[in-house]
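# Inside the fold
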Amino acid sequence: MQMIVHQHVSNFADWKAAFDKDDEARRNAGLTVLQVWKDADSDTHAFVLLEVNDRDKAQQWIDRSNALAADDGGTVTSSSAYFLKTS
């Protein structure tokens, strides 16, 4: 299963630095980063594709990330996450 996350961010470079620092928390949640994209026309949109090894832990990571602005250095203004299965 994969998860795609779209985040509105204040600044992509600042967000990416904070995102990289959160690597251990993602790994502990059973998440592996497959790809990170920046909107080609905006510095305020980030997209991340992750491999999900444990959906419950992944959901806990989402909930924790949404609750703790310090995790993203205060760079995320809103976030959406979608669990995906290949059909």
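Described in the following lines is the structure provided in the data block. (Residues numbered from 1 in each chain as written. Predicted model: local features only at pLDDT ≥ 70, side-chain atom pairs only at ≥ 80, totals over all residues. Heavy atoms only, no water.)

### Topic: the pattern of salt bridges
Filter applied, for reference: For salt bridges, the criterion is a side-chain nitrogen of Lys or Arg within 4 Å of an Asp or Glu carboxyl oxygen. Whether a residue is buried, partly exposed or exposed follows from its accessible area with a 1.4 Å probe, protein chains only, as a fraction of its type maximum: under 20%, in between, or over 50%, in that order.
Applying the stated rule across the entire model yields 5 salt bridges. Asp43 is the salt-bridge partner of Lys38, the closest N and O atoms lying 4.0 Å from each other. Residue classification places Lys38 among the partly exposed positions, given a relative accessible area of 40%. Each of the salt bridges in this network shares a partner with another, and the network as a whole consists of Asp23, Arg26 and Arg27.

### Comments concerning the packing of aromatic side chains
Note the threshold: Two rings from Phe, Tyr or Trp (for Trp, the six-membered ring) form a pair when their centres sit within 6.5 Å of each other. Planes less than 30 degrees apart are called stacked, planes more than 60 degrees apart edge-to-face, and all others tilted. A helix here means a DSSP run of H or I that spans at least four residues, while a strand means a run of E at least two residues long, and both kinds are numbered starting from the N terminus.
Enumeration according to the criterion identifies 2 aromatic pairs in this entry. Measuring from ring centre to ring centre gives 5.3 Å for Phe12 and Trp15, while their planes differ by 45°; the resulting arrangement is tilted. In this pair, Phe12 and Trp15 both sit in helix H1 (residues 12–21), 3 residues apart, roughly one turn of the helix. Trp15 gets classed as buried once you look at its relative accessible area, which sits at 2%.

Such coordinate-based values are descriptive only and should not be taken to indicate function.
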